[in-house]
Amino acid sequence: MTDSNRWLLPEGIDEALPPLAERLETCRRRILDLHHGWGYELVMPPFVEYLESLLTGTGHGLDLQTFKLTDQLNGRLMGVRADMTPQVARIDAHRLKREGVSRLCYVGTVLHTRPDGFAGSRSLLQLGAELYGHAGLASDVEILRLMLETLAVCEVDTPCVDLGHVGIFRSLAADAALDPEQETRLFDLLQRKALPEIRACLAQLPITADQRRRLGVLADLNGDRDTLDRARIELAGADDAVMIALDALEHLARAVQASHPDVTLHVDLAELRGYHYHTGLVFAAYLPGNGQEVARGGRYDDIGRVFGRARPATGFSADLKTLVRLSRCPERAAPGGILAPADPDPDLIHAIVDLRRRGERVIQGLDGQDNDAVALGCDRVLVKTNNQWTVVDA
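Residue indices follow the written sequence of each chain, beginning from 1 at its first position. Whole-chain, interface and lining totals are the exception, using all residues; otherwise, since this is a predicted model, local features are given only for residues with pLDDT of at least 70 and side-chain atom pairs are given and counted only at 80 or more. With hydrogens and water excluded, all non-hydrogen atoms of the structure serve as input to the side-chain values.

Draft legend 1. Local environment of the nonpolar core. Counting 78 residues, the largest nonpolar core has I168, F169, L235 and L269 as the members making the most contacts within it. Numbered from the N terminus, helices here are DSSP runs of H or I no shorter than four residues, and strands are runs of E no shorter than two. With nine residues, helix α11 (residues 240-259) is the largest single contributor of residues to this core. Contacts are assigned to residue pairs with any non-hydrogen atoms lying within 4.5 Å of each other. Apart from residues lying up to four places away in sequence, I168 is in contact with L218, L235, V242, A245, L246, L249 and L269. If you look at the next biggest cluster of nonpolar residues, it comprises 14 residues, including M84, V88, A89 and Y132. Definition of nonpolar core: a set of buried residues of the types Ala, Val, Leu, Ile, Met, Phe, Trp, Tyr and Cys, connected through side-chain atoms within 4.5 Å. Relative accessibility under 20% of the residue-type maximum defines a buried residue, over 50% an exposed one, and the middle range a partly exposed one, all with a 1.4 Å probe and only protein chains included.

Structure follows, in structure tokens:
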């Protein structure tokens with residue numbers, strides 16, 4: 001690397017400069033205050049840990065996104081976290097070991113080997129909340145509502161929420177006795193909603209006409225809440241688990257519309273994000289004109305099994321940098337402040353300390369420098385009048 005480009009950062013790695021850094025920090029504080037008000041306790045997992053813990057229950061996708069390194073103390077393989085959810089699951093299962101419900105939240109940097117989208121970041125500031133120890137729909141409703149409130153405190157436009165349930169496809173695939181290869185193939189086609197290919201794939205499978213029909217119709221079952229009524233008709237004869245999943249989606253949709261009537265709901269039974277990770281309801285928030293989700297969540301029961309405690313779990317996560325970028329909140333005007341002269345007067349020092357304790361931003365000039373108030377972002381100055389240090393306009 002030459003001297004002329006030593007300042008370059010790796011592709012997809014960014015940093016926050018003023019005033020963006022202050023906007024991120026302001027938003028972070030708002031979110032943590034919101035989550036605290038809902039009873040969620042803050043945890044701060046380590047940036048690196050042993051690989052087997054980081055990849056627990058997350059599937060092959062996260063493995064590809066994880067930077068790996070060798071611990072020089074013992075030779076074990078470690079990973080730089082690409083997702084904080086497995087870490088929080090480990091904390092709940094192994095470190096806290098609570099018997100009842102546990103509500104945890106977090107904000108921290110995660111690192112990806114590759115960006116999620118074109119020209120995307122590989123260094124995200126992940127925020128999220130997880131609720132452990134409750135298997136009922138009330139916890140899914142709480143998490144989804146908290147996700148929407150998190151977007152609101154970041155002053156993000158009212159989103160469209162996409163609802164799905166991975167248990168529906170999983171039950172239909174099990175009923176048709178699909179082997180892993182067949183299931184994976186059909187799963188991929190459903191994600192792309194490749195209807196001709198879906199029909200061709202199903203035609204080759206040794207399954208009944210009813211099983212073929214139910215699997216084939218999933219890609220068409222998307223739209224508003226009426227989609228759930230159509231699904232009950234189209235999926236008639238399926239395992240009871242399918243109807244239970246549809247009832248869960250109906251319950252979640254009603255609850256969210258009751259608390260957030262301005263939110264648009266979209267049901268998509270072929271949306272299987274996190275299929276190898278989630279176990280039930282899944283949801284994601286989208287903004288008009290923004291193709292990628294801005295927040296996602298869902299149920300992932302038993303993720304703590306590998307840590308010795310299989311617990312019901314549901315949660316959501318988002319990238320704080322993305323939320324701030326999409327926020328309607330304008331950049332704050334320069335904060336202003338008070339310029340104090342470069343003077344060792346003890347009375348001046350006491351005055352500065354008192355002002356700072358009262359929340360004022362005070363910059364003291366330095367010897368030999370051009371201590372210009374405007375250049376330093378100050379709109380007031382401390383001056384000595386009648387042996388008293390007082391604040392006056394710059």
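From this point on, the discussion continues.
Draft legend 2. A look at the sheet that holds strand β15 (residues 380-385). Note on pairing: two strands pair once DSSP finds at least 2 bridges between them. The strand order across the open sheet built from four strands is β14-β13-β15-β16, with neighbouring strands paired in mixed fashion. Two strands close off the open sheet at either side, each with one partner strand: β14 (362-364) and β16 (388-393). Here the average twist between neighbouring strands, direction ignored, is 35°. Judged from the two bridges that link them, strand β13 (residues 338-340) and β15 form a sheet pairing that is parallel. Across the sheet, the residue bridging to L339 is V381, located in β15. Geometry is summarised by axes, namely lines fitted to C-alpha atoms with helices restricted to the contacting stretch, and by angles between N-to-C directions that run from 0 to 180 degrees. Where helix α13 (residues 346-357) meets the sheet, it contacts β13, β14, β15 and β16, and its direction lies at approximately 150° from that of β14.

Draft legend 3. The packing of aromatic side chains, seen in detail. For Phe, Tyr and Trp, where Trp contributes only its six-membered ring, two rings pair if their centres lie within 6.5 Å, and the inter-plane angle classes them as stacked under 30 degrees, edge-to-face over 60, or tilted in between. As enumerated under the stated definition, the model contains one aromatic pair in all. With 6.4 Å between their ring centres and 85° between their planes, Y132 and Y300 make a pair best called edge-to-face. Placement of the pair is Y132 in strand β6 (residues 123-132) and Y300 in the loop between β11 (290-299) and β12 (313-319), with a sequence separation of 168 residues. Neither Y132 nor Y300 differs from the other in exposure class; each is buried. Any Lys NZ or Arg CZ found within 6 Å of a ring centre and within 35 degrees of that ring's normal is scored as a charge over the ring. A cation over an aromatic ring shows up here: R76 above the ring of Y50, its NZ or CZ 3.6 Å from the ring centre.

Draft legend 4. Quick peek at the environment of V156. Inspection of the secondary structure assignment puts V156 in the loop between α5 (137-153) and β7 (160-165). Overall, V156 belongs to the buried group, its relative accessible area being 5%. Along the backbone, V156 and S327 are 171 residues apart, and their C-alpha atoms lie at a distance of 4.6 Å. Ignoring anything within four residues of it in the chain, the contact list for V156 reads L151, L287, L323, S327 and R328.

Draft legend 5. Highlighting the sheet that holds strand β8 (residues 222-223). Read from one edge of the open sheet, nine strands run β1-β5-β6-β12-β11-β10-β7-β9-β8, paired in mixed fashion. Strand pairing shows two members of the sheet lacking a second neighbour, β1 (41-42) and β8, which therefore form its edges. Here β7 pairs with strand β9 (residues 264-268) via four bridges, running parallel. Paired with C160 across the two strands is T264, which belongs to β9. This element, α5, spans β5 (102-111), β6, β7, β10 (281-287), β11 and β12 of the sheet and lies at about 15° to β12.

On their own, these measurements won't tell you what the molecule is for.
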